[in-house]
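# Observations on the three-dimensional arrangement
Single-letter residue listing:
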Amino acid sequence: MKAQLVLSALLLLSGCATVQRSGVIQPAAADRRYEIESGRDATMVAEMRAAPVTAPAEITLGRNPTGDAARLAAQGFVKIGTGHTPGAESDARDEAMKRALVVGAEKVLLYPPEATDNGPTNALGGDWIALYFVRFKLPFGATFRDLRPQERAQGGDNVKSGGIAIGSVIGGTPASRANLRAGDIVIAVDGKSIADRTSFQSMLKASAGRSVKLTLVRNGETLVRVVKLGTMREAG
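Residues numbered from 1 in each chain as written. Predicted model: local features only at pLDDT ≥ 70, side-chain atom pairs only at ≥ 80, totals over all residues. Heavy atoms only, no water.

## Quick word on the pairing of strand S6 (residues 107-111)
The line we're drawing: Relative accessible area decides the class of each residue, using a 1.4 Å probe on protein chains only: under 20% of the type maximum gives buried, over 50% gives exposed, and in between gives partly exposed. By definition, any uninterrupted DSSP run of H or I lasting at least four residues is a helix, any uninterrupted run of E lasting at least two residues is a strand, and each is numbered from the N terminus. At least two bridges found by DSSP between two strands are what make those strands a pair.
Among the five residues of S6, five are classified as buried, and the element is accordingly described as predominantly covered. Where strand S4 (residues 58-61) meets S6, four bridges bridge the pair, whose relative direction is parallel. The residue of S6 that forms the bridge with Glu 58 is Lys 107. For S6 and strand S7 (residues 127-135), the ladder comprises five bridges, and the chain directions are antiparallel. Note that in S7 the partner of Leu 110 across the bridge is Ala 130.

## Quick look at the pattern of salt bridges
The following threshold applies: Any carboxyl oxygen of Asp or Glu that lies within 4 Å of a side-chain nitrogen of Lys or Arg is treated as forming a salt bridge with it.
Under the counting rule described, the total for this entry stands at 13 salt bridges. For Glu 58, the salt bridge is made with Lys 107, and the minimal N-O distance between the two is 2.7 Å. Linking Glu 58 in strand S4 with Lys 107 in strand S6, this pair joins segments that are 49 residues apart in sequence. Residue class for Glu 58 comes out partly exposed when judged on its relative accessible area of 43%. The buried category is assigned to Lys 107, whose relative accessible area is 17%. Notably, a salt bridge pairs Arg 218 with Asp 184, separated by 2.8 Å at the nearest N-O pair. Of this pair, Arg 218 sits in strand S12 (residues 211-218) while Asp 184 sits in the loop between helix H6 (174-177) and strand S10 (185-189), placing them 34 residues apart in sequence.

## Focus: unusual backbone geometry
Residues other than glycine seldom take positive phi values, yet Asn 179 does so here, at roughly 65 degrees. Relative to the assigned elements, Asn 179 resides in the loop between H6 and S10. Among the residues examined, Asn 179 registers a relative accessible area of 34% and is labelled partly exposed. You will see that Asn 219, though not glycine, has its phi angle at about 50 degrees, which is positive. Counting through the fold element by element, Asn 219 comes out in the loop between S12 and strand S13 (221-228). Taking the relative accessible area as the measure of exposure, Asn 219 reaches 79% and is therefore exposed.

## Describing the confidence of the model for the chain
Spelled out, the test is: What pLDDT reports is the predictor's confidence in each residue, on a scale of 0 through 100. Residue contacts are defined here by distance: any two heavy atoms, one from each residue, within 4.5 Å place the two residues in contact.
Per-residue confidence for the chain gives a mean pLDDT of 82, with 81% of residues at or over 70. This stretch, residues 1-28, has a pLDDT under 50; its non-local contacts, to residues over four places away or in other chains, come to 37 contacts. Across residues 118-124, where pLDDT falls below 50, the model places 14 contacts with residues more than four positions away in sequence or in other chains.

## Examining helix H3 (residues 65-73)
Definition in use: As used here, the arc is the angular range of directions from the helix axis to the C-beta atoms. By the criterion applied in these results, polar contacts are pairs of N or O atoms within 3.5 Å in which, for protein atoms, one can donate a hydrogen and the other can accept it, and in which residues neighboring in sequence qualify only through two side-chain atoms.
Regarding H3, the residues found buried are Pro 65, Asp 68 and Leu 72. Projected onto a plane normal to the axis of H3, the buried residues spread over an arc of 65 degrees and lie on a single side. At its buried positions, H3 is contacted by strand S5 (77-86), S6 and S7. The N-terminus of H3 is capped by Asn 64, whose side-chain oxygen sits 3.1 Å from the backbone nitrogen of Thr 66.

## Describing the packing of aromatic side chains
This is how the line gets drawn: Between 30 and 60 degrees the pair is tilted, below 30 it is stacked and above 60 it is edge-to-face, where a pair is any two Phe, Tyr or Trp rings, Trp via its six-membered ring, whose centres lie within 6.5 Å.
Applying the stated rule across the entire model yields four aromatic pairs. Residues Phe 144 and Phe 200 carry aromatic rings whose centres are separated by 4.9 Å and whose planes lie at 85 degrees to one another, so their mutual orientation is edge-to-face. Taken together, the residues Phe 144 in strand S8 (residues 142-146) and Phe 200 in helix H7 (residues 197-206) connect sequence positions 56 residues apart. For the pair Phe 144 and Phe 200, a shared accessibility class is recorded, and that class is buried. The structure contains a cluster of three or more aromatic residues connected by ring pairs, namely Phe 140, Phe 144 and Phe 200.

Below you can see the structure in the form of structure tokens.
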């Protein structure tokens, strides 16, 4: 049974791209909506996920949207989307389970129509709100990639030894607190040149749990940012 659920999840995930448009996964019914959190599309979530999907999502009633999100963030969980479902609690739970399989969520918090606290917007005046979370690997808190040929050409001497480009930066993480931004080109860690994405990963892993100085190029200016890295969690 467990294997069947996992297989179903993987099959559903593989088909996400066919229904995802303009940041919104189109629901099966017109009165049900799912909104992707900005910058957390399926590709980004797959890259940042701490562990593969191995079980159905845990679905519970939330108490306070703001407080609940902060509590889960401390455990490495990041919100990836918000769902709106009218009807009874049973309808909301059924929709949440199906949607969690599609987006690969590990935890879902449900809030009845009266939930406020400046949290999820109850736009339809009677919806259940569902917040979807995935546990990310966040010792650094940003995606990064190898430099493209154009970036190497424009970077000149700054990137002659290599480097990486920062992609999405997750709020509340070491990268965010160090004021790293999407598009930054990181060329060195503690003065040691970065050859490529793989070498940068190795440097982060070797420095887990301590502060490092990143030398980066932003809009042609060379900057130094100190990042206090988190500890590396085992996947699983």
